[in-house]
Amino acid sequence: VRHTEGIVKCMDSHLEDLCPPCKEMVQNATSALSGFHAACDASLTAQCPEAIGKTPATGKCILVHLADMDHGCLTEISKLMV
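Residues numbered from 1 in each chain as written. Predicted model: local features only at pLDDT ≥ 70, side-chain atom pairs only at ≥ 80, totals over all residues. Heavy atoms only, no water.

Asks: Residues and numbers for the nonpolar core, please.
Replies: Of all hydrophobic cores here, the largest spans 11 residues; its members are F36, A39, C40, L44, C48, A51, C61, I62, M69, C73 and I77. Those elements giving two or more residues to this core turn out to be α2 (20–47), α3 (55–64) and α4 (71–80). Of all the elements, α2 adds the most residues to this core, at 4 residues. Excluding its chain neighbours within four sequence positions, the residues that come into contact with C48 are C61 and H65. (Core = buried A, V, L, I, M, F, W, Y, C linked by side-chain atoms within 4.5 Å. Buried < 20%, exposed > 50% of the residue type's maximum accessible area, 1.4 Å probe, protein only. Helix = DSSP H or I, 4+ residues; strand = E, 2+ residues; numbered from the N terminus. Contact = heavy atoms within 4.5 Å.)

Asks: I'd like to hear about α4, residue by residue, with values.
Replies: All buried positions along α4 are accounted for by C73, E76 and I77. Here the buried residues of α4 occupy an arc of 100° about the axis, which is enough to place them on one side. Among the exposed residues of α4, those oriented more than 90 degrees off its buried face are H71 and K79. Buried residues along α4 sit against α2 and α3. (Arc of directions from axis to C-beta.)

Asks: Account for the state of the cysteines, with residues named and values stated.
Replies: One pass over the structure, following the stated rule, counts 2 disulfides. The disulfide partner of C40 is C73, and the S-S distance across this bridge is 2.1 Å. Handedness of the C40-C73 disulfide follows from its S-S torsion of about 105°: it is right-handed. Of this pair, C40 sits in helix α2 while C73 sits in helix α4; the two residues are 33 residues apart in sequence, bridging distant segments of the chain. Of the two residues, C40 and C73, both sit in the buried class. Residue C48 pairs covalently with C61 via a disulfide, S to S 2.2 Å. Judged by the torsion about the S-S bond (90°), the C48/C61 disulfide is right-handed. Of the two residues, C48 sits in the loop between α2 and α3 while C61 sits in helix α3, which places them 13 residues apart along the sequence. Note on C61: relative accessible area 3%, which makes it buried. (Disulfide = S-S within 2.5 Å.)

Asks: Can you explain the environment of S43? Please cite residues and give values.
Replies: Inspection of the secondary structure assignment puts S43 in helix α2. Since its relative accessible area comes to 5%, S43 is described here as buried. Here the alpha-carbon distance between S43 and K54, two residues 11 residues apart in the chain, equals 15 Å. Those residues in contact with S43 that sit more than four places away from it in its chain are M69, D70 and C73.

Asks: Provide a residue-level description of the pattern of salt bridges, including the pertinent values.
Replies: Taken as a whole and judged by the stated rule, the model has 2 salt bridges. One salt bridge connects K9 with E5, and the closest N-O pair in it is separated by 3.7 Å. With K9 and E5 both in helix α1 (residues 4–12) and 4 residues apart, this pair spans about one turn of that helix. Across the pair K79 and E76 runs a salt bridge whose closest N-O atoms are separated by 3.0 Å. Of this pair, K79 and E76 both sit in helix α4, 3 residues apart, roughly one helical turn. (Salt bridge = Lys/Arg side-chain N within 4 Å of Asp/Glu carboxyl O.)

Structure (structure tokens):
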């Protein structure tokens, strides 16, 4: 999905309209994205500033610069992979 983050943000802005299981999934996704950004934005900015806010470019940057990412960022990435 190319625009996953935008979809999650949109759904998060309409939480009150979602059924409880969907609401929980969106809250979990929002939390995961917040954790990812908190841990990875500095590494991404240092390695690929043009990739910030662009899901496909961010993924490519991570793949190319995996060895250069901060440990905290790698930890968050591993959480997203589960």
